[in-house]
Amino acid sequence: MKLANLISADQIILEMKAVEHWPAIIELVDHLVGTQQLPEDQRDEMLAALKTREEQVSTGIGSGVAIPHAFSDKLESVIAVFGRSKEGIDFEAIDNAPVHYMILFIVPRKEYHLHLRTLAAIAKMFTNCEIRRQLSTAETRDEILNILDPKPSRVTAPGA
């Protein structure tokens, strides 16, 4: 599961306004509603599901990354949004470090295994400190999309 398959340029927030855990999740969900990825009548239900998930344990996985996620009985396909905060957000992450990169996704409940694969793919990608460094300096949504879509042709050998 490639993250770039779930996110288009309009599903990227270059600079989050929120500085705290829950307002950041609200901002991400509102962005999904604003870009018509999530029907407005499902907003409150999804926020409640995300809040329940976050109350179990923060989805701040460390290294400046958070992956808030929830299930939906009403969606037919996965939806996602990426948010970046150069200042960092107090997300109550497991390492207590500020979160700079958030990938919020909502998965149809019937796609439980897709949820696990998506979580694993995102976590694997963001363990790469070079990807995090590139994301910190990206200036446009298209640059971020290119970073999130790891293609061998994008990587050049040192000195090439």
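Read on for a plain summary of the structure.

**Digging into the packing of aromatic side chains**
To describe a pair of aromatic rings, you give the distance between the ring centres and the angle between the ring planes.
Then, in step 1: All told, the structure shown has two aromatic pairs when counted by the stated rule.
Then, in step 2: Stacked on the ring of Trp22, the Lys or Arg Lys51 has its end atom at 4.5 Å from the ring centre.

**A look at the environment of Arg84**
Then, in step 1: The residue Arg84 is located in strand β5 (residues 79–89) in this model.
Then, in step 2: Placed 46 residues apart in sequence, Arg84 and Leu38 show a C-alpha to C-alpha distance of 20 Å.
Then, in step 3: Not counting residues up to four positions away in its chain, the partners in contact with Arg84 are Ile13, Leu14, Glu15, Met16, His100, Tyr101, Leu135, Ser136, Thr137, Ala138 and Ile144.
Then, in step 4: Here Ala138 takes part through its backbone oxygen, which lies 2.7 Å from a polar atom of the side chain of Arg84.

**Details of the packing of helix α1 (residues 21–34) against helix α2 (residues 43–56)**
Then, in step 1: Where α1 contacts α2, the two axes come as close as 11 Å, and the packing angle between them is 145°. Regarding α1 and α2, the two cross each other, and that crossing is right-handed. Here His21, Trp22, Ile25, Ile26, Val29, Asp30 and Val33 of α1 lie close against α2, whose contacting residues are Arg43, Leu47, Leu50, Lys51 and Glu54.

**Focus on unusual backbone geometry**
Then, in step 1: With a phi angle near 60°, Ser63 is a residue other than glycine that sits in the positive phi range.
Then, in step 2: Looking at where Ser63 falls in the secondary structure, it is placed in the loop between β2 (60–62) and β3 (65–66).
Then, in step 3: For Asn96, which is not glycine, the phi torsion reads 60° and is therefore positive.
Then, in step 4: With respect to the element layout, Asn96 can be found in the loop between β5 and β6 (99–108).

**Some words on the nonpolar core**
Then, in step 1: Among the nonpolar cores identified, the biggest contains 25 residues, and Leu38, Phe91, Met102, Leu104 and Ile106 are the most heavily contacted of them.
Then, in step 2: At the level of secondary structure, the elements contributing two or more residues to this core comprise α1, α2, β5 and β6.
Then, in step 3: The dominant element in this core, judged by the number of residues it contributes, is α1, at six residues.
Then, in step 4: If near-sequence neighbours (up to four positions away) are discounted, Leu38 is found in contact with Val29, Leu32, Val33, Arg43, Met46, Leu75, Ile79 and Ile106.

Cut-offs applied
- Sequence order as written defines residue numbering, which begins from 1 separately in each chain.
- With the structure being a predicted model, the display of local features is reserved for residues of pLDDT at least 70 and the display and counting of side-chain atom pairs for 80 or more, all residues being used for whole-chain, interface and lining totals.
- Working from all heavy atoms in the structure, the side-chain values ignore hydrogens and water.
- The aromatic pairing rule takes the rings of Phe, Tyr and Trp, using the six-membered ring of Trp, and pairs them if the centres are within 6.5 Å, calling planes under 30 degrees apart stacked, those over 60 edge-to-face and the rest tilted.
- Whether a charge sits over a ring comes down to the Lys NZ or Arg CZ being within 6 Å of the ring centre and within 35 degrees of the ring normal.
- Labels follow the DSSP assignment, with helices taken as runs of H or I lasting at least four residues and strands as runs of E lasting at least two, numbered in each case from the N terminus.
- The criterion used for residue contact is that any of the two residues' heavy atoms lie within 4.5 Å.
- We call two N or O atoms a polar contact when they sit within 3.5 Å, provided that within protein one can donate a hydrogen and the other can accept it, with sequence-adjacent residues counted only if both atoms are side-chain atoms.
- Angular values range over 0 to 180 degrees, each being the angle between N-to-C directions of two axes fitted as lines to C-alpha atoms, with helices fitted over their stretch in contact.
- Crossings are classed by handedness, with left-handed meaning an anticlockwise turn of the near helix from the far one by less than a right angle and right-handed meaning a clockwise turn.
- The criterion is simple. A nonpolar core is a set of buried Ala, Val, Leu, Ile, Met, Phe, Trp, Tyr and Cys residues joined through side-chain atoms within 4.5 Å.
- Note on classification: 1.4 Å probe, protein chains only; a residue is buried when its accessible area is under 20% of the maximum for its type, exposed when over 50%, partly exposed between these limits.

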